[in-house]
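Structural description and commentary
So you can see what is in the structure, the chains are spelled out below.
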Amino acid sequence: MQNFANGMQQALTIWLALLAAAIIAFFVMSHINRRATGGPSWWSRIRKAIHNPDRKREKLAKAERSAKEIQELQRYCTELGVAAERATSMADRRRNEWEAAQRTQEAAWRAFEEAEQDVHRLRRANAFPLTEDDPESRRRHLVRMVNAAHDRGDISASHLADALMHRNGWDPQAHPFAQQMMLRKVIADRKFRAYQEASEIERHAAKAADLAAASKRSLDDEKFNAELKLRKATAVTPEKTASALQAATAR
């Protein structure tokens, strides 16, 4: 071990001597080269490179460019935030409209089913109670029946006019059972058309809600990506870039 330690000490001494000789040789050659060429020394060139004003201007310009990019990202994130809020409000409104249209559609279907059940119940009836069987009584029965239905909102004004004018299948001389069946069919048809109209409105509302939801998701994704870029940009920003950003914001 003593011999190994002595060997290591000798090797280290030799290595230091060689390093010192190389440094001395470098200084001597640099001095000779400077005297021969008349140029600056290597130390002067290093100091000049470190304190080069062009390099400082280049760093400052790069910092200002980074500050402008961050400022643009901040503005873009703000604009996306406003657009995303509007898209959220629009999506909520479209969804509420769609849900209202669904409720209207369901109510229209229930009304149609009830009208259809009335037709079936009347069709299954074996007899219709009749106290007066003369033609005038049948006509008055028709008038009272359709007017009452119109007052309830079961038939439209055009249906009422058809019944009073004896058009489109309305017969004042028909048996009251047949007149009642005619009325129930008209009501059922009207309810079914109302259901079809409600279904069409519901389809348009559903499509509008889907488009609004897709627009909201797209803006939310774009906003997230922009905010992520901004966080990355500000995380790697040096102090000079931060100072340039403050100066650009102040301007």
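Report follows, based on the coordinates.

Reading the values: rules and limits
- Residues numbered from 1 in each chain as written.
- Predicted model: local features only at pLDDT ≥ 70, side-chain atom pairs only at ≥ 80, totals over all residues.
- Heavy atoms only, no water.
- Helix = DSSP H or I, 4+ residues; strand = E, 2+ residues; numbered from the N terminus.
- Buried < 20%, exposed > 50% of the residue type's maximum accessible area, 1.4 Å probe, protein only.
- Contact = heavy atoms within 4.5 Å.
- Areas by Shrake-Rupley, 256 points an atom, 1.4 Å probe, with all protein chains shown as cover.
- Phe/Tyr/Trp six-rings, centres within 6.5 Å; stacked < 30°, edge-to-face > 60°.
- Core = buried A, V, L, I, M, F, W, Y, C linked by side-chain atoms within 4.5 Å.
- Axes fitted to C-alpha atoms, helices over the stretch in contact; angles between N-to-C directions.
- Parallel < 35°, antiparallel > 145°, perpendicular 65-115°, else oblique.
- Nonpolar A, V, L, I, M, F, W, Y, C, P; charged D, E, K, R; others polar.

1. Thoughts on the overall build of the protein
Helix and strand content of the protein: 7 helices and 0 strands. Walking the protein from its N terminus toward its C terminus, one meets helices and strands in the order α-α-α-α-α-α-α. Of all 251 residues assigned to the protein, the portion counted as buried reaches 23%. Sequence-distant contacts, at least 24 apart, represent 78% of the contacts inside the protein between residues at least 6 apart. Looking at the protein as shown, the accessible area adds up to about 18000 Å², and 56% of this sits on carbon and sulfur atoms.

2. Describing unusual backbone geometry
Look at His 166: it is not a glycine, yet its phi comes out positive at around 60 degrees. Note that His 166 resides in the loop between helix H5 (157-165) and helix H6 (176-235). A relative accessible area of 39% places His 166 in the partly exposed class. In this structure, Asn 168 takes a positive phi of about 55 degrees despite not being glycine. Relative to the helices and strands, Asn 168 resides in the loop between H5 and H6.

3. Quick look at the packing of aromatic side chains
Going through the model one piece at a time under the given rule, you end up with 4 aromatic pairs. Judged by centre distance (5.3 Å) and plane angle (45 degrees), the ring pair of Trp 109 and Phe 112 falls under tilted. One end of the pair is Trp 109 and the other is Phe 112, both in helix H3 (residues 53-124) and 3 residues apart, which spans about a single turn. Residue classification places Trp 109 among the partly exposed residues on the basis of a relative accessible area of 33%. Judged by its relative accessible area of 13%, Phe 112 falls in the buried class. Where Phe 112 meets Phe 192, the ring centres are 5.0 Å apart and the plane angle is 50 degrees; that geometry is what we call tilted. Linking Phe 112 in helix H3 with Phe 192 in helix H6, this pair joins segments that are 80 residues apart in sequence. Three or more aromatic residues link up through ring pairs in this structure, and these residues are Trp 109, Phe 112, Phe 192 and Tyr 195.

4. With respect to the nonpolar core
Residues Leu 142, Met 145, Val 146, Ile 155, Trp 170, Leu 183 and Ile 187 are the most contacted members of the largest nonpolar core, which totals 16 residues. Elements represented by at least two residues in this core include exactly H3, helix H4 (135-152), H5 and H6. It is H6 that provides the largest number of residues to this core, a total of 5 residues.

5. So, the packing of H4 against H5
Contact geometry of H4 with H5 gives a least axis separation of 10 Å together with a crossing angle of 180 degrees. In terms of axis orientation, H4 runs roughly antiparallel to H5. Contacts from Leu 142, Val 143, Val 146, Asn 147 and His 150 of H4 reach H5 at Ala 157, Leu 160, Ala 163 and Leu 164. Residue composition of the contact of H4 with H5, by class: 7 nonpolar, 2 polar and no charged.

Functional significance is not addressed by these values, which are geometric in nature.
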